[in-house]
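Residues per chain are reported as follows:
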Amino acid sequence: FNPLVAPAHATGIMWFSNLTDYGGMNGLSSCDEIQSPCFDLAPDVPWTMSAWFHVDVEPLPGCPNNGAPFADVFTFALVDCESGASELLYTKEDMLCSDYSHWVEASFDLSTHAGKSMRLRLRFDSIDEFENNGTGVAVDWIRFEQGCP
């Protein structure tokens, strides 16, 4: 990913890209997922998480320069390490048309998961080989905040 575009908040970043595009130059489709290691959320306290997202992929229908109804799929989820159950935290459907190709911060209440071992999962699927010219998807500066009981 282009480090000149990424926020300078942290040294680690979850991303899906080949630094140029995600298949557009070669007329290819692409899909993959990345998961964080498991982490424990202390019990009996409220938890919030925030993260910065940079999504430069085919926009949803209805946005300028929109894609087809089967436009690229992007999801960011919280996964229970014991049961495998997942909760979608952020998807393309949560984005405004003006959010594409910009860094956008989002926050999530994780309090219902206190006392559990969890992981984060980033998934991307271009579905087809059309309009895959963006730089991809990045998630940076993921922060957890533990509240008071």
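Residues numbered from 1 in each chain as written. Predicted model: local features only at pLDDT ≥ 70, side-chain atom pairs only at ≥ 80, totals over all residues. Heavy atoms only, no water.

Caption draft 1: Examining the pattern of salt bridges more closely. Taken as a whole and judged by the stated rule, the model has 2 salt bridges. We note a salt bridge from R123 to E33, for which the minimum N-O separation is 2.5 Å. Separated by 90 residues along the polypeptide, R123 in strand β8 (residues 117–125) and E33 in strand β2 (residues 31–35) bring together distant segments of the chain. Note that R143 and E105 form a salt bridge whose closest N and O atoms lie 2.4 Å from each other. Here E105 lies in strand β7 (residues 103–109) and R143 lies in strand β9 (residues 136–146), a separation of 38 residues in the sequence. (Salt bridge = Lys/Arg side-chain N within 4 Å of Asp/Glu carboxyl O. Helix = DSSP H or I, 4+ residues; strand = E, 2+ residues; numbered from the N terminus.)

Caption draft 2: How the structure looks around the packing of aromatic side chains. Within this structure, the stated rule accounts for 7 aromatic pairs. Residues F53 and F76 carry aromatic rings whose centres are separated by 5.2 Å and whose planes lie at 80° to one another, so their mutual orientation is edge-to-face. Here the residue F53 occupies a position in strand β4 (residues 47–56), and F76 occupies one in strand β5 (residues 73–80), the gap between them amounting to 23 residues. For the pair F53 and F76, one class covers both residues: buried. One aromatic cluster is present, built from ring pairs that chain together F53, F74, F76, Y90 and F108. (Phe/Tyr/Trp six-rings, centres within 6.5 Å; stacked < 30°, edge-to-face > 60°. Buried < 20%, exposed > 50% of the residue type's maximum accessible area, 1.4 Å probe, protein only.)

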